[in-house]
Each structure stands twice: as C-alpha cells, then as structure tokens.
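# A look at the structure
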Amino acid sequence: MPEQQDDFDRGVKNRRAVLGDAWVDQSLDNTSAFNAEFQSLITRYAWHDIWGRPGLDTTTRRLLVLGMTMGLARWEEFELHCRAAVRGGVPVEKIRETLMQGAIYCGVPAANTAFKLTTQILRDEGLLPPPAPLSAGVRTSSHHTFSRPQLKVALQGEGTPVVLSHALGLELGMWDALAAALAPRHEVLRYDHRGHGGSAVPAGPYRMDELVDDAARVIREWGAGPVAWVGLSLGGMVGQGLAIRHPELVRSLVLANTTAHYPEAAQAAWAQRIAAVEQGGLEAIAGMVMERYFHAGFRSGRPDALAAFRAALLRTSAAGYAATCHAVREVDWLERLPQVRCPTLVIAGALDVGAPVAMSQAIAERIPGARLEVLAEASHLSVAEQPQQFAALVEGFLGA
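Residues numbered from 1 in each chain as written. Predicted model: local features only at pLDDT ≥ 70, side-chain atom pairs only at ≥ 80, totals over all residues. Heavy atoms only, no water.

## Some words on the sheet that holds strand β6 (residues 250-256)
Here eight strands make up an open sheet; going across it, the order is β1-β2-β4-β3-β5-β6-β7-β8 and the pairing mixed. Either end of the sheet is taken by a strand with one partner, and the two such strands are β1 (141-144) and β8 (371-375). Averaged over all pairs of adjacent strands, the angle between their axes in this sheet comes to 20°, without regard to strand direction. Looking at chain direction, strand β7 (residues 344-349) and β8 are connected through five bridges and run parallel. Bridge assignment links Ile347 to a residue of β8, and that residue is Glu373. Of the strands in this sheet, β2 (152-156), β3 (160-165), β4 (186-191) and β5 (227-232) touch helix α9 (residues 208-222), which is tilted by about 140° from β4. (Pairing = 2+ DSSP bridges. Helix = DSSP H or I, 4+ residues; strand = E, 2+ residues; numbered from the N terminus. Axes fitted to C-alpha atoms, helices over the stretch in contact; angles between N-to-C directions. Contact = heavy atoms within 4.5 Å.)

As structure tokens, this is what we get:
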C-alpha cells in the first residue's frame, strides 16, 4: 500500500479482509473501461464508507449481508459472502441462526436455498457438522416438566435410560456430542437446571436439596427410572445428592469434575463471585469462568468452542446463576457418600483448578467400589476438552 492512501485504498483493504485476496485481485485486475468506475464506486463507498464504519463489528456486518442477500434471492452474492464468512472464522452456529431467522422473515424457500448453499460450502471447507438425523428413535424432542418450577427437557435415543446433568452457567446443549454418541444404545434425557437455559428462574437463593428434588421429579415424570446419572460439576453435585436422598432412582453414577464439599476458603471465593454477578452481571465473571473451565492450550487452540461456551454462559440468567451459586457454595455430601450403593465412576481433569483431582479422590475413597479416572490435558469441562476419552469412559462404564 502507498504511504498516502485515499478512500479507494482504504476500501480495498477492507474488501480484502472480508472477501480474501483472490476474489479482490480478480475483480480489480479484470476491469475494463466499461466497469472500472463501478468497481471504484463500490470500493470507495461500500467497502470504505460502509464496511469501514465503527458502529458494527465485522462479524455482524457479514451476517447482515447474508440475511439481506438471502431475502433478495441474490444467490451469487450470498454464496460469495457466505464462503468468505466461513473462511473468515465466523462461527457456524451464528451463520445457522442467521439462516433460521431468515426462514421467518425471508420465507422458507429462500431459507431452503440458503441452507443448501451453506451446507455445500461447509462440506467444501471440511467444516460440515456431524449428522443429526430426524428419524424415529434418533430425533431429539424437547418439552417442559408439568411440575413447577418448569424445567426444559430434551429426549433422544432408545434403550436403557441415562440422564446428563450440566455444569453451572451452561445448559443441556453442553452434552450435544455425548448425547448423540449414547443415543444408539440408550434413551438419553438432558435438562436445564432451574435458573438456566430454557427452564424457569424462580427467586433465589437456591438450596442444593432443591436442585436434587428437581432431578428426582424430572426422572419421576419421565417414568424411566432407575437411571444412569452422568453429571459434571454442578451436575455431579446434584447426582451425589440424588443417590443419597433418592437411591431408588439411580442405577449407576458418573461424577465428573465435581466436589462433595468446598473448604472454607473456597466458600469465601463463591461469595465474591455472587457479589460480582449481582453487581455487574455475567459479563463481569465470563473471562474468569472460561479460564477455570478450559486450560490455556484449549483456549488458544479452539477459539470457536471457547466463543460458543462463553456465549452460552452469557445467555444464562444472572439471577439464576447467582441463586445457584448459593447452592454450590454450600454443597456438603462428603460424610454421607458411604451411603451411595450404586456403581460409580469418578472422572477428574489433571489440569482442573476448579475441582482439583484431590476432590475427586475424596469422593472415590468414600463411595464403596467407586473407580477414579484422571484425564490428562483436561481441565474442568473435560467432556468438551477430551470428548473421545470422556465418551469412551462413560460408554465403557455404562456397558459394564
């Protein structure tokens, strides 16, 4: 670029950043006396004056263009910008949600074409998500409990019943990959804890016993107990309480990255977290939570996954999160764990600072016959950091 740039040069810079060098070179190098002024016009006004405005970030502008070209059925332009968005690192989930929104406001035929073109682009780029058939026995169905507070529930698969219980600040979507892996041999139920996801947000603070009773009524409404319970972090705390207080509902337990009790120093840290959320919302703690949930290597190597989990956290009700933190802070199952009589697998992450291996050892030592497995290169959300190893442990345990 020359030292003295004009609006054309600035527009070219933005155009290259969005569409890539190859496309821009082709457009600019092949102009003629007939269309040179047009290329100059769009480069200066569209790519500098509009794409260069500070009011919206680049990802938002990309998604707006997809929606507008979809609505106008400008499919050549849609395909160009969609491919550029995928190559530019726009999360597939955001592109999907843009097309879903377009299905309402642009019409189903337009959305059908947009999904078809985008699917081919994702296939070409090696980014096509795994299959998710809607056939009987595989399709995920969603509903809410009849009892209150209402909890959102998702069901899929056929076979022996398994419940997956998510971590604090997340939602049942945390289990998407594992649920799909288990569905061919198990009927899998996932639900959002009260205060999370699509479940109700009753006034807090919550008590751990309330969360355990929520789990019990979900299973009873389902009518499929006793179940294999797979809980991570908060879900593991609830699972311990369920096996202690409602043993008739639990056939086996998987307790991942969790604890049965926090020392006094950790309880003080929970009080600080609650205060931070009450004062500044979940944005105030999002960075800290992501650092505790994922180790540094995962955060740097999987920015797409990190962004998706951060977005899930920020979608959580701040009031529901803070109310649940009270229950987590006061969890105290340690001395009652010898009462657990069902087969138990305890999974820990070697890099987990939120629930260190010692906490998992304390659980495994107190539950008769419990087995402890430690995943290397895993922190708190081990199911996301080491999905194959986590799934292999769970499937092996459930099949034993």
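## Here's the deal with helix α11 (residues 264-280)
Compared with the 24 Å implied by 1.5 Å per residue over 17 residues, the 25 Å span of α11 between its first and last C-alpha is a close match. Among the residues of α11, Ala266, Trp270, Arg273, Ile274 and Val277 are the ones counted as buried. In an axial view of α11, the angular spread of the buried residues amounts to 100°, which keeps them on one side of the axis. Every exposed residue of α11 that faces more than 90 degrees away from the buried side is listed here: Glu264, Ala265, Gln272, Glu278 and Gln279. (Expected span 1.5 Å × (residues − 1). Buried < 20%, exposed > 50% of the residue type's maximum accessible area, 1.4 Å probe, protein only. Arc of directions from axis to C-beta.)

## Things to note about the packing of α11 against helix α15 (residues 318-329)
Look at α11 against α15: their axes get within 9 Å of each other, and the N-to-C directions meet at 170°. Comparing their axes, α15 and α11 come out roughly antiparallel. Contacts between α11 and α15 involve Gln267, Trp270, Ala271, Arg273, Ile274, Val277 and Glu278 on the former and, on the latter, Ala318, Tyr321, Ala322, Cys325, His326, Val328 and Arg329. Class assignment for the residues of the contact of α11 with α15 results in nine nonpolar, two polar and three charged. (Parallel < 35°, antiparallel > 145°, perpendicular 65-115°, else oblique. Nonpolar A, V, L, I, M, F, W, Y, C, P; charged D, E, K, R; others polar.)

## Quick word on the pattern of salt bridges
What the rule picks out here adds up to 21 salt bridges. We note a salt bridge from Arg194 to Glu210, for which the minimum N-O separation is 3.9 Å. Highlighted residues: Arg194 in the loop between β4 and α9 and Glu210 in helix α9, separated in sequence by 16 residues. Classification of Arg194 by relative accessible area gives buried; the value is 8%. Between Glu373 and Arg371 there is a salt bridge, and its shortest N-O distance comes to 3.0 Å. Take Arg371: its relative accessible area is 36%, and that puts it in the partly exposed class. One salt-bridge network, in which partners are shared between bridges, spans Glu79, Arg83, Arg87, Asp124 and Glu125. (Salt bridge = Lys/Arg side-chain N within 4 Å of Asp/Glu carboxyl O.)

## So, the nonpolar core
Ranked by internal contacts, the top residues of the largest apolar core, which has 95 residues, are Tyr191, Met208, Leu381 and Phe390. At eight residues, the largest contribution of residues to this core is made by α9. If sequence neighbours within four positions are ignored, Leu381 has contacts with Ala167, Leu170, Met174, Leu232, Tyr293, Phe294 and Phe309. Counting 15 residues, the second-largest nonpolar core is a separate cluster that includes Met70, Phe78, Ala85 and Ala111. (Core = buried A, V, L, I, M, F, W, Y, C linked by side-chain atoms within 4.5 Å.)

## Comments concerning the layout of surface pockets
By volume, the second largest pocket is sized at about 450 Å³. If you go around the second largest pocket, you meet 20 residues; those closest to its centre are Ile42, Trp47, Glu77, Leu80 and His81. Here the lining of the second largest pocket gets six residues from one element, more than from any other, and that element is helix α3 (residues 36-50). Across the lining of the second largest pocket, the residue classes break down as 13 nonpolar, three polar and four charged. (1 Å grid on protein atoms, 1.4 Å probe; cavity = no way out; pocket = protein on both sides within 12 Å on 5 of 7 lines; lining within 4 Å. Points joined across faces, edges and corners; volume = space filled by probe spheres on them.)

## Some thoughts on a nonpolar patch on the surface
A cluster of nonpolar residues, Phe38, Leu41 and Tyr45, forms a patch on the protein surface that exposes about 310 Å² of accessible area. Relative to the elements of secondary structure, Tyr45 occurs in helix α3. For Tyr45, a relative accessible area of 42% puts it in the partly exposed group. (Patch = residues over 30% accessible without salt bridge, like charges linked within 9 Å, V, L, I, M, F, W, Y side chains within 5 Å. Areas by Shrake-Rupley, 256 points an atom, 1.4 Å probe, with all protein chains shown as cover.)

## Quick word on the environment of Arg123
In this structure, Arg123 sits in helix α7 (residues 108-124). Classification of Arg123 as partly exposed rests on a relative accessible area of 45%.

## What to know about unusual backbone geometry
Most peptide bonds are trans, and most residues other than glycine sit at a negative phi. Residue Pro149 is reached from Arg148 by a cis peptide bond, and omega for that bond is -5°. Each neighbour pair has its own omega, and for Gly204 with Pro205 the value is 0°, a cis peptide bond. Among the structural elements, Pro205 can be located in the loop between β4 and α9. One non-glycine residue, Ala73, lies in positive phi territory at about 55°. Tracing the chain through its elements places Ala73 in the loop between α4 (58-71) and α5 (75-87). The exposure class assigned to Ala73 is partly exposed, which follows from its relative accessible area of 40%. Even without being glycine, Asn257 reaches a positive phi, approximately 50°. By the element assignment, Asn257 lies in the loop between β6 and α11.

## Some points on the side chain of Gln240
As for its placement among the helices and strands, Gln240 is situated in helix α10 (residues 234-245). For Gln240, a relative accessible area of 0% gives the class buried. Among the polar contacts made by the side chain of Gln240, one reaches the main-chain carbonyl oxygen of Thr259 at a distance of 3.1 Å. Once residues within four sequence positions are removed from consideration, Gln240 is found in contact with Leu255, Thr258, Thr259, Ala260, Trp333, Leu337 and Ile363. (Polar contact = N/O pair within 3.5 Å; in protein donor to acceptor, adjacent residues only side chain to side chain.)

## With respect to the state of the cysteines
Tallied over the full model, the rule gives zero disulfides. Cys82 takes part in no disulfide bond, and the closest cysteine sulfur, belonging to Cys106, lies 14 Å away. (Disulfide = S-S within 2.5 Å.)

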